[in-house]
Amino acid sequence: MNKIIKLNKKISSKIAAGEVIENPSAVIKELVENSIDAHADSITIEIKSAGKSYIRVTDNGDGILEEDVILAFDRHATSKIKSIEDIYSIDTLGFRGEALASIAAVSRLELITKTESAENGVQISINGGEILNQEKVGSKVGTTIIVEDLFYNTPARIKFLNKNSVEQRRINELVNFLALSNANISFKYIVNDEIRFVTPGKGELKNVILSIYGKNIAKNMISISSELDSVEINGYISNLSLTRGNSSLQVFFVNGRYIKSDLIKDAIMTAYKTMIPINSYPICFLNIALNSKEIDVNIHPSKTTIKFTKKGIIKQLIYTSIKSKLLEVNQTPNVSFEDQLFKKTFSSSSESKDENNKIPKAKEVYAKKLKKLEKKEQFNEKKIENNPFKDNYKAEHTIGNNKEKPNFIDLDVFDVDFKQLEKIESKNDNKILKPEETIYDNLKIIGQLFNTYIISEKSNHLYLIDQHAAHEKVLYEQLMEEFREKTVHSQLLLSPMTINLTYDELEFIMEKEEAISNLGIKIESFGRDTILVREVPILFNKPLSNTVIEDIILNIKKEYNTPYETNLELIIQKSCKNAIKAKDQLNVIEIESLIKQLKQLESPYTCPHGRPIIIKITKDEIEKKFKRK
Ligand code: ADP
Ligand code: MG
């Protein structure tokens, strides 16, 4: 433990501009970083009303000498640097010596501390920067700081605080990151008298992930560890079966310090590209260790953005280590994915065992898909047997061997009344549709092509409808409409579906319960990491599928201040997209009902992503191909 000294003016003024304590999370950050600097290996963080009324940080670190206690609250008093050179080689976290002073100035603060060698502890109370009293007390070795009524004497700053839910989330994130980047410290996090998590502090990141984010996430993480040109990367990445709707669970540290980095994000996304669905994001907890000379030191320490000098190497390292790991585990044979296995993995202390157990889920999913496809193919073959297109289908495949058979569908097969058509065409020749008439009116449905396109005709034109795009659009509009009108019909599920989340996600989503219920989804929290879905909306006379519901729920986690409603459109878009399969066989009734629904839309020509729903091929074009014209 170093003695606290006061920095001389020259040094302190050269140090980056004084930090401002902006919110409860900034207080916690400073206090916990002090505890870490004081070599604590056990830190308790307790808050009430999102830290606005109460913050307590207790550590078992070095403590402060009795004669230094008052000095610790002096501006620019620090035990951590002595000269300007120290600023650039600093290993400790805070170094400006003004955090305690700033916090004490805007709160009612109480500090109790004891060093190893001291006979007794000291307690000091400060209100708005004014020392009320100091006395000897009994205490364990270490330091406790309690900050109550933050900003009580600066009402203007209270106004700038966000509502509790937002401040709470910010703190959760901070505490999570602190615990993740200090796996060797046991963190206990208590919110409104309830213990959120306790990390074991044994240096194993996977156990920290387990404590904070729960079993469902932890069991799907794969460890990676690699090195290139004296840059090291270590941590955990999610297997292919675990993704989120945004990148908020991609957490990076550089030399143990939390940072934001688009460079790292891009490299990760490139590595996962094509292996996971679009618009989904893997979960990662990664630390990059490199010589601090390779980082731009002139960046303000409170900022989380960072500049690397070895950009290319970092990118390459992240990309190749993740990609090769994903490919490697993806070839692992099927292993049954039991909790037992999970327990074994996570209770075992050996780091190396756990990789191969994670991925089978993806494999299983893939195998299932394959089976489904096979089934479908059999089914398709059956269908083809009694398919009116059968001959033409064959013809298409035998062309070249048998030149007599046409390469293209003979229109006569479909009973087209050309005379009738000509009449209609001449009527509609100027292509002006009656105001209430859409392309979809009076369409004559011919059939389905590749299980993907609906073939139809009208007025001497052949129309192809992308059933996937059409379906998506209908679903989208329907959901939007029902949401706007708050008339979503729901159905009670006989057995509720469960969705596993992290505690933070659960809390966030339960705040949105009402908005979600307007979507026709009735949810309930169940324990600390599970949501029960009791009611789901009915669309197309069918309850919305589990995957869509899960997708909607998981996608609700968005940036802090964005109003939920503005995200709704995106959520629904995405959900609809996942809801529909391109290669579904539709019967005539289904096709007709789809077209009927399309007709009622305001803009039935493009899907929510702007792709066309319907395209037209004129009789002219067809005739030209046959060299009739
Ligand atoms: P800095 O951390 O930049 O030195 P602070 O205002 O945060 O400035 O803290 C001032 C000093 O108080 C520190 O240098 C340290 O000596 C002492 N201190 C603060 N918190 C603790 C703690 N939890 N345990 C031991 N010493 C502490
Ligand atoms: Mg500090």
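Look up: the structure comes first, before these words.
Keep in mind that what you see is a predicted model, and the values were worked out from it rather than measured.

1. Things to note about the packing of aromatic side chains
One pass over the full model with this rule turns up six aromatic pairs. Seen from their ring centres, Tyr-189 and Phe-197 are 5.6 Å apart, and the 55° between their planes marks the pair as tilted. Tyr-189 gets classed as buried once you look at its relative accessible area, which sits at 1%. Ring geometry for Phe-450 against Tyr-453: centres 6.4 Å apart, planes inclined by 80°, an arrangement best described as edge-to-face. Here Phe-450 falls in the exposed class, since its relative accessible area comes to 53%. Tyr-453 sits in the partly exposed class, given a relative accessible area of 31%.

2. Focus: the nonpolar core
Judged by nonpolar contacts, the single largest core of 60 residues is most densely connected at Leu-180 and Ile-209. The greatest single-element share of this core, amounting to seven residues, is contributed by helix 7 (residues 164-181). With sequence-adjacent residues up to four places away left out, Ile-209 is seen in contact with Leu-180, Gly-214, Ile-217, Ala-218, Met-221, Tyr-236 and Phe-285. Ile-259, Leu-263, Tyr-272 and Cys-284 belong to the second largest nonpolar core, which has 30 residues in total.

3. Thoughts on the side chain of Asp-59
For Asp-59, the position within the fold is in strand 3 (residues 54-59). The class for Asp-59 is buried, based on a relative accessible area of 8%. Of the polar contacts made by the side chain of Asp-59, one reaches the backbone nitrogen of Gly-61; its length is 2.8 Å.

4. So, the packing of helix 10 (residues 262-272) against helix 11 (residues 311-330)
Viewed as axis vectors pointing N to C, helix 10 and helix 11 meet at an angle of 30°, and their least axial separation amounts to 8 Å. With respect to each other, helix 10 and helix 11 are oriented roughly parallel. Crossing angle aside, the handedness with which helix 10 passes helix 11 is right-handed. Contacts from Leu-263, Ile-264, Ala-267, Ile-268, Thr-270, Ala-271 and Tyr-272 in helix 10 reach Lys-311, Ile-314, Lys-315, Ile-318, Tyr-319, Ile-322, Lys-323 and Leu-326 in helix 11. Grouping the constituent residues of the contact of helix 10 with helix 11 by class yields 11 nonpolar, one polar and three charged.

Calculation criteria
- Residues numbered from 1 in each chain as written.
- Chains lettered and ligands numbered in written order.
- Predicted model: local features only at pLDDT ≥ 70, side-chain atom pairs only at ≥ 80, totals over all residues.
- Heavy atoms only, no water.
- Phe/Tyr/Trp six-rings, centres within 6.5 Å; stacked < 30°, edge-to-face > 60°.
- Buried < 20%, exposed > 50% of the residue type's maximum accessible area, 1.4 Å probe, protein only.
- Core = buried A, V, L, I, M, F, W, Y, C linked by side-chain atoms within 4.5 Å.
- Helix = DSSP H or I, 4+ residues; strand = E, 2+ residues; numbered from the N terminus.
- Contact = heavy atoms within 4.5 Å.
- Polar contact = N/O pair within 3.5 Å; in protein donor to acceptor, adjacent residues only side chain to side chain.
- Axes fitted to C-alpha atoms, helices over the stretch in contact; angles between N-to-C directions.
- Parallel < 35°, antiparallel > 145°, perpendicular 65-115°, else oblique.
- Left-handed = near helix turned anticlockwise from the far one by under 90°.
- Nonpolar A, V, L, I, M, F, W, Y, C, P; charged D, E, K, R; others polar.

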